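Secondary and tertiary structure notes
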Amino acid sequence: MKDKNLGIVETKYFNFAEPPHELELESGEKLGPITVAYEAYGKLNKKRTNAVLITHAFSGDAHAAGYHKGDDKPGWWDSMIGPGKAFNTDKYYVLCANVLGGCSGTTGPSSVNPKTGKPYGLDFPLISINDMVKAQSKLIEHLEIEKLLTVAGGSMGGMQALSWLIKHPDKIKSAIIVASAIKHSPQQIAFDEVGRVSIISDPAWNGGDYYGGKTPANGLALARMVGHITYMSDRSMMEKFGRRIRDVGERHKFNTGFEIENYLHYRGSNFVKRFDANSYLYITKAIDCYDASEGKNLSELLYGTKAKVMVLAFKSDWLYPKYQSKEIVKACKVAGIDTTFCEIESTYGHDAFLLEIDEETQLIKHFLEKVVQAG
Amino acid sequence: MFRYIREIEFQTICNYVKEGASVLDLGCGDCELLYRLIKNKNVRAQGIEIDEKEIYKCVKKGVSVLHEDIEYGLSEYKDNSFDYIVLQQSLSEVVKQPDKVIAEALRVGRKVIISFSNFVHYRARLQIFLKGKTPITPSLPYSWYDTPNLHFLSISDFIEYCKRRKIKIEKATYLGTKKRAYLFPNFFALVGIFLISKN
């Protein structure tokens, strides 16, 4: 089943919001023109009823599955998307778009501001999770898809799925919300703030104006190192690295070469090659400020919603703990929504949503079949 | 024998439920009952189950299920959220505080269906009195050391309980070894199935 994959895939681009028809953001500011980078796998059926939107997590991109020409690594959720997989591309037309504010093809702070001819930097307006979803909904409209079979995502992707459920309930038949939350807890905001301060305090950040020069790679790498700690669990680190020592690079008093140290350095230095520091700031801010309940009781916003909901959490995930998923479940229950919830046994921590493929496949595959049957 | 009784139990519960109703099954296991109710009675079904392994089976059957504890899961619902709440063998097996759960079930559901194995079936009595051993019967086929049962109750116990709590028993079905136990159910019934509601 898993030996099949999508082969070579390509990123496409959708342009919209040309002035004077800019996209109005939640902040009231306007942004345009906007490019959305997206990928599509499988075939849209004649009635245009088999489309699935995958929403990516904080550092993800539109390249969810298959291979880009010349790459030896597939997209970030390739194990879940493809022929015969959970999001079966023999049946479904699977879409994934880079979020607004991102740095992988969609308009973000590193894009050129048409007014100045230079990258936006901090002139880029603050964006929100709902804005990301608004941009996605424009893409869906452009593709002439009236109703999505599902919107599915983990972590920040789960927040987007939740936003679809609240803001566009009539445009989706279901939502799959994995390892996510209604809103960030102080602990989650705290980790994000450490990442942001790490970037901002790098002299190379230069008030966000560093394009074309030295980038704040040190700050961004450090931010990513903290991030990766929060994605793992005590147990998964123990299993993966233990206290093993590997001799690498230049020796100094404090370089003991613990494998976990090397891993974090590797992750940090790899990340700066593909991610923009300002995007890090804008996107983490969007996540921290998101509150699906808008200060009310979430169930009130969900009344009358016909979409079915699946919520998944992972046992060792301490970054997005089970109680946060259960808050979503509770709101759905009170609102009378047809809901399925499972807390999957896992030792991987928050990373589990990218790794516990067999369990997720079992649940999502059958859930989608039910959504299709319900018509 | 155990399977046969379970089958009759399934059928009886299905007969209790009205076409097109909404049903919440507490401790739904693999969702077999809800699956049948969807197929035969076109119900809006929701299960609650604590065992992760069972969740996969429920989802495979296309039944909506919540991986959570019964007591906790029930308390989150508003009053009269469902037409029926089902406790098929759950009362004796998984519920820690039956009194509290029954009261909650009667709040969340308009009607409640409860089935349990009768602990004082004549075979059980014989085993206690003659052998001096904890009984093992077709509806209670477990040894003391590996039984899922937390509470042991009889048909009479339950009827008395309903009287004390002013709960209305709308229907009751008693299953014996081969057929329904019409006579002296507390003596001959292996399983009791009750449809109850607020008085």
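Rules of the game
- Residues numbered from 1 in each chain as written.
- Chains lettered and ligands numbered in written order.
- Predicted model: local features only at pLDDT ≥ 70, side-chain atom pairs only at ≥ 80, totals over all residues.
- Contact = placed C-beta atoms within 7 Å.
- Helix = DSSP H or I, 4+ residues; strand = E, 2+ residues; numbered from the N terminus.
- Nonpolar A, V, L, I, M, F, W, Y, C, P; charged D, E, K, R; others polar.
- pLDDT = per-residue confidence, 0-100.
- Domains from an automatic or database assignment.
- Core = buried A, V, L, I, M, F, W, Y, C linked by C-beta atoms within 7 Å.
- Buried ≥ 20, exposed ≤ 12 C-beta atoms within 10 Å, placed from the backbone.

Quick word on the interface of chain A and chain B
- Between chain A and chain B, the residue contacts involve 18 residues of the former and 14 residues of the latter.
- Contributing elements (two or more residues each) for the side of chain A that touches chain B: α9 (322-334), β14 (339-344) and α11 (357-374) of chain A.
- The dominant element in the side of chain A that touches chain B, judged by the number of residues it contributes, is α11 of chain A, at seven residues.
- For the side of chain A that touches chain B, the residue count by class is six nonpolar, five polar and seven charged.

Concerning the confidence of the model for chain B
- Put simply, chain B has an average pLDDT of 91, and 98% of its residues get 70 or more.
- Reported confidence for the predicted complex is 0.93 by ipTM and 0.95 by pTM.

Observations concerning the domain arrangement of chain A
Residue and element names in this part refer to chain A.
- Here chain A is described as being made up of domain 1 (12-185 + 292-374) and domain 2 (188-286).
- A separation of 25 Å is found between the C-alpha centroids of domain 1 and domain 2.
- Tallying the contact residues gives 27 residues for domain 1 and 20 residues for domain 2.
- Looking at the side of domain 1 that touches domain 2 residue by residue, the classes come out as 13 nonpolar, 13 polar and one charged.

Details of the nonpolar core
- Counting residues in each nonpolar core, the largest one holds 162 residues, and the members touching the most others are Val-52, Ile-54, Leu-95 and Ala-175 of chain A together with Val-23 and Ile-85 of chain B.
- The residues that make up this core include at least three from each of domain 1 (12-185 + 292-374) and domain 2 (188-286) of chain A.
- In contact with Ile-85 of chain B, other than residues within four places in its own chain, are Leu-24, Leu-26, Ala-105, Val-108, Gly-109 and Val-112 of chain B.

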